[in-house]
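Understanding the architecture of this molecule
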Amino acid sequence: MIRLASGSAWWGDRISPAAQVAEHGNLDYLCFETMAESTVSAAQVKKRREPDFPGYDTWLDDRMHAVLPHCIQNGTRIVSNQGWIDPVAAARRIKEIAATHYDAPELKVAAVTGSDLTSRISDVADTILETGKPLTSLTDEIVSAEAYLGAMPIAAALDQGADVVVTGRVTDPAIFLAPMIHEFRWSPDDWNLLGQGTGIGHLLECGAQVTGGYYPDPGFKDVPDPWNLGFPIADVEANGDCILHKLPDTGGVIDRHTVLEQMFYEVHDPANYLTADVVVDFTTADITELAKNRVQVRNISGKPRTGKLKVSIGVAEGFIGEDMFFYAGPGAKDRGELAKQILNERFRIVDLCAQELRIELLGVNALHGAMTPDTSAVPYEVGVRVAARTNTRTEALKVGREVDGMAVSGIAHTGKRVPFGERVREVIGVWSTLVDESELTPEIHFVQI
Amino acid sequence: MPDVELRHLAHTRSGDKGNTSNIAVIAWHEDLFDVIEASLTATAFAGHYDGVVTGKVTRYEVPRLGVLNFVAEGALGGGVSRSLSLDQYGKTLAAGILNFKIHVPETLIDKLRNYS
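Quick summary incoming for the structure in this document. Note that the structure is predicted; figures quoted are calculated from it, not measured.

**Quick notes on helix α11 (residues 393-405) of chain A**
Residue and element names in this part refer to chain A. The end-to-end C-alpha distance of α11, which contains 13 residues, comes to 19 Å, matching closely the 18 Å that a straight helix rising 1.5 Å per residue would cover. Of the positions making up α11, those classed as buried are Glu395, Ala396, Lys398, Val399, Gly400, Glu402, Val403 and Asp404. Those residues of α11 hidden inside the fold are in contact with β14 (308-328), α10 (332-349), β16 (381-390), β17 (415-416) and β18 (424-436).

**Quick look at empty space enclosed by the protein**
Gaps left between atoms are located by rolling a probe of water-molecule size over the structure's atoms. All names here are of chain A. Inspection of the entire model under this criterion finds one cavity of 30 Å³ or more. Considered as a void within the structure, the largest cavity measures approximately 40 Å³ in volume. Looking at the largest cavity, the residues that line it are Asp323, Met324, Val403, Lys416, Arg417, Val418, Pro419, Phe420 and Arg423. In the lining of the largest cavity, the residues fall into five nonpolar, no polar and four charged.

**Quick word on the layout of surface pockets**
Taken as a whole, the second largest pocket encloses approximately 400 Å³ of empty space. Its residues assigned to classes, the lining of the second largest pocket shows seven nonpolar, 13 polar and four charged.

**With respect to the pairing of strand β11 (residues 286-291) of chain A**
Residues and elements named next belong to chain A. Of the strand pairs in this sheet, β11 and strand β12 (residues 294-298) are connected by five bridges, and their pairing is antiparallel. Pairing of Glu289 across the sheet is with Val295, part of β12. From the end of β11 to the start of β12, which pair antiparallel, there are two residues, and Asn293 there has a positive phi angle of about 60°.

**Considerations on the nonpolar core**
Soluble globular proteins tend to bury their nonpolar side chains together. With 73 residues, the main nonpolar core has Val236(A), Leu244(A), Val259(A), Met263(A) and Leu65(B) as its most contacted residues. Here the element with the most residues in this core is helix α7 (residues 174-184) of chain A; it accounts for eight residues. Both of domain 1 (2-114 + 149-306) and domain 2 (313-431) of chain A provide at least three residues apiece to this core. Look past the residues within four positions of Leu244(A) in its chain and what remains in contact with it is Leu203(A), Leu204(A), Val210(A), Ile233(A), Ala234(A), Ile254(A), Val259(A), Asn293(A), Arg294(A), Val295(A) and Val297(A). Counting 72 residues, the second-largest nonpolar core is a separate cluster that includes Ala18(A), Ala66(A), Val447(A) and Ala27(B).

**Things to note about the packing of aromatic side chains**
If you walk through the whole model with that rule in mind, you get eight aromatic pairs over all chains. Here the aromatic rings of Tyr273(A) and Phe282(A) are separated by 5.6 Å at their centres, their planes lie at 55°, and the arrangement is tilted. Summarising the burial analysis for this pair, Tyr273(A) and Phe282(A) share the class buried. On the basis of an interplanar angle of 5° and a centroid distance of 4.2 Å, the ring pair of Phe45(B) and Phe70(B) is categorised as stacked. Of this pair, Phe45(B) sits in helix α2 (residues 42-48) while Phe70(B) sits in strand β5 (residues 67-72), and the two are 25 residues apart along the sequence.

Parameters at a glance
- Residues numbered from 1 in each chain as written.
- Chains lettered and ligands numbered in written order.
- Predicted model: local features only at pLDDT ≥ 70, side-chain atom pairs only at ≥ 80, totals over all residues.
- Heavy atoms only, no water.
- Helix = DSSP H or I, 4+ residues; strand = E, 2+ residues; numbered from the N terminus.
- Expected span 1.5 Å × (residues − 1).
- Buried < 20%, exposed > 50% of the residue type's maximum accessible area, 1.4 Å probe, protein only.
- Contact = heavy atoms within 4.5 Å.
- 1 Å grid on protein atoms, 1.4 Å probe; cavity = no way out; pocket = protein on both sides within 12 Å on 5 of 7 lines; lining within 4 Å.
- Points joined across faces, edges and corners; volume = space filled by probe spheres on them.
- Nonpolar A, V, L, I, M, F, W, Y, C, P; charged D, E, K, R; others polar.
- Pairing = 2+ DSSP bridges.
- Core = buried A, V, L, I, M, F, W, Y, C linked by side-chain atoms within 4.5 Å.
- Domains from an automatic or database assignment.
- Phe/Tyr/Trp six-rings, centres within 6.5 Å; stacked < 30°, edge-to-face > 60°.

Shown next as structure tokens:
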């Protein structure tokens, strides 16, 4: 049996539960997932603007200082995708932290590289999955393209003795599957084991989402101490059988229902969940509540992988300008409606050139739009929220400027925030394509300082 | 047979991939799955989200786990990265189906969650 735990579900995740599970979890492996679909493209843009940006998870130091002393002490190995666009730099930084602060200069830190396809994407892929059109239909600037590598190169780094493996883009479940392949010597074509292992990885990759996070709903889904959720721990046997649990002194819940919610999270066809390593079939799963906060997961199965890897392509598509202001009291909604009318006229007067403009009333139907039941009800408070997507920063700036104009040139009782910054952000659109796995050559680098 | 909101029969979670949202509907009790499956067809789901989901809706059924998984294309304002929605990931979308009404036979009333 090996014991793995999640150390993060995304870049912005809480850090203290990772330290807690590293210290008290008696772990063999602690695994960090820190990348969203647009992480690589955003990092590429940041690197271009700020040459000092090291190219890896901006919370890398904080996360490693939180867990490394415990991991070193307990012999827990780390697998992490915090390398983003420079896994070698991330590995060096971890090696340096271990040597400088935790008296562990011998820690073996490996980087897995080889997912970047930015310079040759048009040579190796042809169709955009979302549109069915050729890559050449992307007229905006491609800022990044990277393939989702599988677990095998990570497992190989573990085979070579790595205590810490840092990657760039890999599939999220691969971060968890790799230790199982390494420890249990699972064959790269034992599809049922890889399916079960990938399924376990999918259950863990979103951290607290399986232990009561993204879950509480008063009266229906009540969760103890939801301010103190523990990160999930998995005890995995060589045959793939798995028990999910969490530290006893943490909040949250893990039961059949939290497991099912996470099992289907971001899944389309549950019998054919495509990854680099295997096609997972969740429909065969057996989920058994063994005890409070102890759930057994067995028999997730697998089929041969497709041989194609998913590629995310980041494209600079323009800018979004966004701001909001507020009304309350009798007539609040009417004033909000008038504010919408004024802004629409103002954007015409200042000749706003937008790909799309949205002005909506928060508290009425801003989130669910046309499906909102009975929008005739009169709310006591409303927010007016304005957003425009534009080709240029100059046009996007008009949103904040016109909302500022609503302060003294607007209507009665306009509640406005103190203006902060430009209220503009860059849009990096993400598109997908497929590439043959033979186009990628992952490499393992053991770093020194 | 009373009309009961789906939230007493099932719980839901949304996930995002590009401009597609998946909404899993998970029965609170295995005995409730059949009535959910019979009522909440892909067509009924698409009708409920009319004006919000702009593309095709596909329903996957997993009876042995008590789950219906709806995959709604064109649900995220062009995609998470470029959407002008405040809820760019569509995390609130799964809550939108919780008020869908289902005829529940009297024999199943005691299987409902938080219902009186």
